[in-house]
Amino acid sequence: MLIRTPKSSQIKEHQVTDEHIYQNRRQILKSMGFLGASALMASPHARAVNWFGEDEATTFKTTALTFSQPQIYHSDEILTPEQKIISHNNFYEFGSSKSDPVANSQSFKVEPWSLRIDGLVEKPVTLGYDDLYKHFDLEERIYRLRCVEAWSMVVPWIGFSLADLIKKANPLSKAKYVVFETLYDPDQMPGQRNRFSGGGIDYPYIEGLRLDEAMHPLTLMSVGLYGKTLPPQNGAPIRLVVPWKYGFKSIKSVVRIRLTDKMPATTWNQLAANEYGFYANVNPKVDHPRWTQASERRITSGGLFTRNRIDTQMFNGYPEVASMYTDMDLRKYY
Ligand code: MTE
């Protein structure tokens, strides 16, 4: 798999980060014919650094994963540095500012874990913690994540197709939608203890997809990033990633996936339906009521004030999903 590595002459000192080492390591592995051999190269997650350049303690233990790197999920975009991905998060269960999740989640317990797939299925399935890594072909997929707040990242996720998981449960023909639910555990998640600390959300956090969206090959259940299992602030041990939709659809720390025949009520849509639609497809032509969605700030290795504004692409640059929406007015179904 080809990962673009900047020429050394283009690299400024502040850009020599763990993700640069990661990219180089992968180039070396590739040239040696060791695709998917990342378990040999175990390394801890990068230091998390907040916007003021201060260290955040990341004491949660992650493990190196073994995975393949299919060419179709390659991207030649520069990856967002690992330290930014793990320290600039939205995870309201751990607080509503971007630096809260890394600060408040390091003692989060992911083992034992239970993920149940039920509802309109022939064969409900329950997966334990080890099953998340053992029963699926793990792949690395480089996806853009475009947040509704108009920033974006390029992340080397590791995971498997949600379709592979849903198929295990044999969906009934009546099933039309899929509902996802995050863990509800106020003892561990301070944002769930009261409305003020958790962004006004009525927990548990709920998201939903139409069944065809859930079965689309791009839709990923992620269990890792940058070669290792997910840290809690990014949704350990398992989260959804739907790369053509705004980031709030990509629900974290999932404990239940339920198939249903009705469009579900979802967290952000219930909180402010005029701002957050059920579909939430990235669409530069439909603005958020309070700001434009025509462009975004790409989070790269520069500081907070680095100019890196880019045009937002329809469906976040994944045109292969357009056929699912051909008969829909995307201004109405935003
Ligand atoms: N999932 C849960 N359970 N709680 C949340 O607050 N925030 C969402 C999404 N998933 C959120 C969540 C939003 S708004 C975004 S942009 C992405 O997670 C951010 O993912 P990241 O922190 O891994 O970049």
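About the thresholds
Counting from 1, residues in each chain are numbered in the order their sequence is written. With the structure being a predicted model, the display of local features is reserved for residues of pLDDT at least 70 and the display and counting of side-chain atom pairs for 80 or more, all residues being used for whole-chain, interface and lining totals. Processing note: side-chain calculations cover all non-hydrogen atoms of the structure and skip hydrogens and water entirely. Take a side-chain nitrogen of Lys or Arg and a carboxyl oxygen of Asp or Glu: if they are within 4 Å of each other, that pair is a salt bridge. A run of DSSP states H or I qualifies as a helix once it reaches four residues; a run of E qualifies as a strand once it reaches two. Both are numbered from the N-terminal end. The buried label goes to any residue with under 20% of its type's maximum accessible area, the exposed label to any with over 50%, and the partly exposed label to all in between, with areas taken from a 1.4 Å probe on protein chains only. To define a nonpolar core, start from buried Ala, Val, Leu, Ile, Met, Phe, Trp, Tyr and Cys residues and group those joined through side-chain atoms within 4.5 Å. Working rule for contacts: check all heavy atoms of both residues, and any pair within 4.5 Å makes them a contact. Per-residue confidence from the prediction method is given by pLDDT, with values spanning 0 to 100. Strands are labelled as partners when DSSP assigns at least two bridges between them. Interaxial angles span 0 to 180 degrees and are taken between N-to-C directions of axes, which are lines fitted to C-alpha atoms, for helices over the stretch in contact. Aromatic contacts are taken between Phe, Tyr and Trp rings whose centres are within 6.5 Å, Trp giving its six-membered ring; a plane angle under 30 degrees counts as stacked, one over 60 as edge-to-face, and the others as tilted. Throughout, near means a residue has at least one heavy atom within 4 Å of the molecule or strand. Polar contacts, as counted here, are pairs of nitrogen or oxygen atoms within 3.5 Å of one another; within protein the pair requires one atom able to donate a hydrogen and one able to accept it, and residues that are adjacent in sequence qualify only if both atoms are side-chain atoms. Here the Shrake-Rupley method, with its probe set to 1.4 Å, supplies the accessible areas, and only the displayed protein chains count as covering residues. In this classification, the charged set is Asp, Glu, Lys and Arg, the nonpolar set is Ala, Val, Leu, Ile, Met, Phe, Trp, Tyr, Cys and Pro, and all remaining amino acids, among them Gly, are polar.

Caption draft 1: Representation of the pattern of salt bridges within the structure. All chains considered together, the criterion is met by 14 salt bridges. With its nearest N and O atoms 2.9 Å apart, the salt bridge here joins K228 to E82. Placement of the pair is K228 in strand β10 (residues 228–229) and E82 in helix α2 (residues 82–85), with a sequence separation of 146 residues. Here K228 falls in the buried class, since its relative accessible area comes to 3%. With a relative accessible area of 4%, E82 lands in the buried category. Residue E296 is joined to R146 by a salt bridge in which the shortest nitrogen-to-oxygen separation is 3.0 Å. On the criterion of sequence distance, the pair formed by E296 in strand β13 (residues 295–298) and R146 in strand β5 (residues 139–146) is long-range, its members being 150 residues apart.

Caption draft 2: Representation of the nonpolar core in the model. If you look at the biggest cluster of nonpolar residues, it comprises 89 residues, and the most contacted ones within it are L115, L165 and I257. The element best represented in this core is strand β6 (residues 151–161), accounting for 7 residues. In this structure, I257 is in contact with L115, R116, I117, D118, L162, L165, V178, V179, F180 and M221, ignoring residues within four places of it in sequence.

Caption draft 3: Just the confidence of the model for the protein chain, in detail. Per-residue confidence for the protein chain gives a mean pLDDT of 88; residues scoring 70 or more make up 84%. Within the protein chain, the element-level pLDDT minimum falls on helix α1 (residues 18–31), averaging 54, and the maximum on strand β11 (residues 239–241), averaging 99. In this model residues 1–17 is a low-confidence stretch, pLDDT under 50, and it forms 39 contacts with partners more than four residues away in sequence or in other chains. Considering only residues more than four positions removed or in separate chains, one finds that residues 28–42, a stretch of pLDDT under 50, has 20 contacts.

Caption draft 4: Broad picture of the pairing of strand β3 (residues 114–119). Sheet topology places β3 next to strand β4 (residues 125–128); 4 bridges connect them, and they run antiparallel. Paired with L115 across the strands is L127, a residue of β4. Count of turn residues in the β3/β4 antiparallel hairpin: 5 residues. Across 4 bridges, β3 lies against strand β12 (residues 254–260) in parallel orientation. Across the sheet, D118 pairs through a bridge with R258, a residue of β12.

Caption draft 5: Expanded view of the sheet that holds strand β8 (residues 206–210). Taken in spatial order, the 5 strands make up an open sheet running β4-β3-β12-β7-β8, and their pairing is mixed. Each edge of the sheet is formed by a strand with only one pairing partner; in this case those strands are β4 and β8. For this sheet, the mean angle separating the axes of adjacent strands, direction not counted, is 15°.

Caption draft 6: The packing of aromatic side chains, seen in detail. Following the criterion strictly, the structure yields 15 aromatic pairs and no others. Centre to centre, the rings of Y143 and Y318 are 5.9 Å apart; their planes meet at 80°, and the pair counts as edge-to-face. Of this pair, Y143 sits in strand β5 while Y318 is found in the segment after β14 (309–311), placing the two residues 175 residues apart along the sequence. Per residue, the accessibility class of Y143 equals that of Y318, and both read buried. A ring pair is formed by F278 and Y279, whose centres lie 5.4 Å apart and whose planes are at 90°; its orientation type is edge-to-face. Both residues of the pair, F278 and Y279, count as buried.

Caption draft 7: Fine view of the site of the ligand. Contacts to the ligand come from 16 residues, most closely from N89, Y92, E93, S250 and K252. In this structure, a nitrogen atom belonging to the ligand sits 2.9 Å away from a main-chain N or O atom of S250. Contact with the protein chains hides 99% of the accessible area of the ligand, taken as 540 Å² for the molecule alone. Split by residue class, the shell around the ligand holds 7 nonpolar, 6 polar and 3 charged.

Caption draft 8: Spatial organisation of the side chain of S75. Along the chain, the position of S75 falls in the loop between β2 (55–56) and α2. By relative accessible area, which is 11% here, S75 ends up buried. In terms of polar contacts, S75 uses its side chain to reach the backbone amide nitrogen of E77, at 3.0 Å.

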